[in-house]
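The primary structure of each chain is shown beneath.
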Amino acid sequence: MMNISEKAKKTIDSCRFCWMCRHVCPIGNATGQERNTARARALGSSLVARGAEEIKVIAANVYECALCGACTNNCVTGWDPKTFIIEERREIILENAAPEYIKALLKKYFETGNIYGKKADGIPETAYGGGEEILFVAGTDAVVNAPENAVNALALIKKAGERVSFIKNQDSGAALYFLTGKTRETEEAAKRFAEDIKGYKKIVFYDPTDLALVSHEYKEWGIEISGNAVSFNEYLLYLTESGKLKPKKSGKRYSLQDNYAYARDLDDAETGRKLIEKVGENKDMLLCGKEANFAGSLIMNEYMPEVMKKVAENRWRDAINSDCETLVTESPSEYVMLKKTEPEGKRVITVEEMLAENL
Ligand code: SF4
Ligand code: SF4
């Protein structure tokens with residue numbers, strides 16, 4: 001029997017198996033398999049919750065969910081299927097029933113400090129340190145897998161004349177939360193991070209996944225952060241509106257790759273578009289804003305690379321069908337995945353690259 005909350009059980013029980021969520025799941029759309037939809041997971045979970053199946057039977061499928069929330073947005077019951085997925089991950093870990101490839105990622109995390117088992121050696125030592133009031137948090141995905149993004153973001157902030165601090169600890173606990181839910185280890189990582197970012201007035205989060213965790217889960221777990229947590233987009237908007245950055249408006253067309261954490265978890269699909277309007281023309285893609293179609297996860301790319309490639313290619317297909325040429329990403333994960341699959345004649349840039357090319 002699974003030890004999950006009443007809320008999670010209710011969410012499982014309330015699934016009407018209506019299949020409204022079927023067409024929106026980016027993983028189901030990439031694999032073409034029904035097992036990857038919220039509906040199928042609710043079905044499997046209800047068997048486990050009633051003791052008719054063991055949790056290990058559904059374990060692999062539970063890890064095939066990106067927690068992107070597209071189903072949540074479309075679910076006719078108004079419940080959130082992510083609720084039981086994240087609790088099931090904790091149960092799977094506690095029962096030692098995780099697939100070997102998930103255990104391997106966790107092993108790397110405990111050995112090296114991140115699930116990728118890599119060093120943040122793309123970040124020069126001179127990047128660390130800085131001012132005392134504002135902290136810039138790039139997050140693990142950026143410092144390990146897209147260090148040039150973190151370096152470019154810091155360079156743009158410097159250009160605006162701001163002095164921000166940059167520290168070694170870039171781990172909010174987001175990867176552990178994704179893989180293990182709310183375990184003791186996740187909470188410990190979150191507490192360490194909260195301790196290390198103490199004392200700053202403003203904390204700018206580059207990765208919306210980190211900001212969503214700090215804004216929602218930290219609060220729920222009673223972990224307080226002392227400063228004002230803002231998104232990188234909000235910070236960039238402040239820098240342009242205060243005249244610290246003076247981008248010029250061109251006729252260029254940009255299309256925002258809405259990140260699900262921004263658009264849904266943080267309810268902000270506007271700031272990215274306002275930034276586009278500062279420098280050019282906004283051209284929306286299919287499935288944007290609250291309906292954001294996810295373009296990939298670096299964590300999942302570690303254990304299901306073929307599916308993640310397909311997810312990113314599917315997003316490019318949306319861009320092509322909407323006649324969009326330049327995609328602007330808000331998340332390092334989506335940037336890396338879209339960059340890897342960039343079709344000829346199209347390009348993907350980060351939001352800071354967009355501003356920088358119009359200064
Ligand atoms: S959260 Fe996203 S990946 Fe997971 S089932 Fe829902 S739509 Fe699919
Ligand atoms: S939309 Fe909601 S109720 Fe319908 S199958 Fe999907 S998860 Fe179940």
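Residues numbered from 1 in each chain as written. Chains lettered and ligands numbered in written order. Predicted model: local features only at pLDDT ≥ 70, side-chain atom pairs only at ≥ 80, totals over all residues. Heavy atoms only, no water.

Peer 1: Sorry if this is basic, but what is going on with the domain arrangement of the chain here?
Peer 2: It is common to report an interface's size as the accessible area lost on association of the parts. Examined at the domain level, the chain breaks down into domain 1 (6-98), domain 2 (125-238) and domain 3 (246-356). Facing 16 residues of domain 1, the contacting portion of domain 3 comprises 15 residues. A buried area of about 1100 Å², summed over both sides, lies between domain 1 and domain 3, and 59% of it is on carbon and sulfur atoms. Three residues stand out in domain 1 for area buried against domain 3, namely Ala-30, Cys-68 and Asn-73, and they jointly supply 36% of the buried area on that side. On inspection of domain 1 and its partner domain 3, the count reaches zero salt bridges. Considering each element in turn, the side of domain 1 that touches domain 3 owes the most residues, five residues, to helix α2 (residues 26-31). Taken together, the residues of the side of domain 1 that touches domain 3 sort by class into nine nonpolar, five polar and two charged. (Domains from an automatic or database assignment. Contact = heavy atoms within 4.5 Å. Buried area = accessible area lost by both parts, 1.4 Å probe. Salt bridge = Lys/Arg side-chain N within 4 Å of Asp/Glu carboxyl O. Helix = DSSP H or I, 4+ residues; strand = E, 2+ residues; numbered from the N terminus. Nonpolar A, V, L, I, M, F, W, Y, C, P; charged D, E, K, R; others polar.)

Peer 1: Is there a simple way to explain the site of ligand 1 in this structure?
Peer 2: The environment of ligand 1 is formed by Cys-25, Pro-26, Ile-27, Ala-38, Arg-41, Cys-65, Ala-66, Leu-67, Cys-68, Gly-69, Ala-70 and Cys-71. Assessed atom by atom at 2 Å from the grid points, ligand 1 resides in the second largest cavity. Every element with two or more residues in the shell around ligand 1 is listed here: α2, α3 (38-49) and α5 (70-74). For the shell around ligand 1, the residue count by class is ten nonpolar, one polar and one charged. (Near = heavy atom within 4 Å. 1 Å grid on protein atoms, 1.4 Å probe; cavity = no way out; pocket = protein on both sides within 12 Å on 5 of 7 lines; lining within 4 Å. Sits in = over half its atoms within 2 Å of the grid points.)

Peer 1: What is the right way to look at the sheet that holds strand β2 (residues 164-165) in this model?
Peer 2: Either a parallel or an antiparallel arrangement is found when strands of a sheet pair, and the pairing is made through backbone hydrogen bonds. On the basis of which strands lie adjacent, the open sheet formed by four strands has the order β2-β1-β3-β4 and parallel pairing. With partners counted over all chains shown, the strands left at the sheet margins are β2 and β4 (228-231), one partner each. In this sheet, β2 lies alongside strand β1 (residues 134-137) in parallel orientation, the contact comprising two bridges. By the bridge assignment for β2, Leu-135 is matched with Ser-165. (Pairing = 2+ DSSP bridges.)

Peer 1: Would you take a moment to explain the pairing of β4 for this structure?
Peer 2: Every other side chain in a regular strand lies on the same face of the sheet, so the side chains alternate between the two faces. Note: strand β3 (residues 202-205) against β4, four bridges, orientation parallel. Considered in β4, the bridge of Ile-203 is made with Ala-229.

Peer 1: Would you mind going over the packing of helix α4 (residues 55-62) against helix α6 (residues 82-94) with me for this structure?
Peer 2: Relative placement of two packed helices is described by the angle separating their axes and the distance separating the axes. Interhelical geometry of α4 versus α6 gives an angle of 125 degrees and a closest axis separation of 10 Å. Relative to α6, α4 is oriented oblique. For the pair α4 and α6, the crossing hand works out as left-handed. In this structure, α4 contributes Ile-55, Ile-58, Ala-59 and Val-62 to the contact, and α6 contributes Ile-85, Glu-88, Arg-89, Glu-91 and Ile-92. Looking at the contact of α4 with α6 residue by residue, the classes come out as six nonpolar, no polar and three charged. (Axes fitted to C-alpha atoms, helices over the stretch in contact; angles between N-to-C directions. Parallel < 35°, antiparallel > 145°, perpendicular 65-115°, else oblique. Left-handed = near helix turned anticlockwise from the far one by under 90°.)

Peer 1: Even after reading the chapter, I still don't get the packing of aromatic side chains, so can you show me in this structure?
Peer 2: For any two aromatic rings, the description comes down to two numbers: the centre-to-centre distance and the angle of the planes. Using the criterion set out here, one finds twelve aromatic pairs in the structure. Judged by centre distance (5.3 Å) and plane angle (20 degrees), the rings of Tyr-128 and Phe-166 are stacked. Highlighted residues: Tyr-128 in the loop between α7 (100-112) and β1 and Phe-166 in the loop between β2 and α10 (174-180), separated in sequence by 38 residues. Taking relative accessible area as the criterion, Phe-166 reaches 1% and is therefore assigned buried. Through successive ring pairs, a cluster of aromatic residues spans Tyr-128, Phe-136, Phe-166, Tyr-206 and Phe-232. Above the face of the Tyr-128 ring, Lys-168 is positioned so that its terminal group lies 4.1 Å from the ring centre. Cation over ring: Lys-202 sits above Tyr-238, and NZ or CZ is 4.5 Å from the ring centre. (Phe/Tyr/Trp six-rings, centres within 6.5 Å; stacked < 30°, edge-to-face > 60°. Buried < 20%, exposed > 50% of the residue type's maximum accessible area, 1.4 Å probe, protein only. Lys NZ or Arg CZ within 6 Å of the ring centre and 35° of its normal.)

Peer 1: Quick question: what am I supposed to make of the site of ligand 2 here?
Peer 2: Neighbouring ligand 2 are the residues Cys-15, Arg-16, Phe-17, Cys-18, Trp-19, Met-20, Cys-21, Arg-39, Cys-75, Val-76 and Thr-77. Structurally, ligand 2 is housed in the largest cavity. Looking at side-chain class alone, the shell around ligand 2 contains eight nonpolar, one polar and two charged residues.

Peer 1: Mind showing me how you'd approach α3 here?
Peer 2: Between its first and last C-alpha, α3 extends 16 Å over twelve residues, near the 16 Å set by a 1.5 Å rise per residue. The buried count for α3 comes to nine of twelve residues, which makes it a mostly enclosed element. Those residues of α3 lying buried are Ala-38, Arg-39, Ala-40, Arg-41, Ala-42, Gly-44, Ser-45, Ser-46 and Val-48. Contacts made by the buried residues of α3 are with α1 (6-14), α4, α5 and α6. Of the residues one or two after α3, Gly-51 is the one with positive phi, at around 80 degrees. (Expected span 1.5 Å × (residues − 1).)

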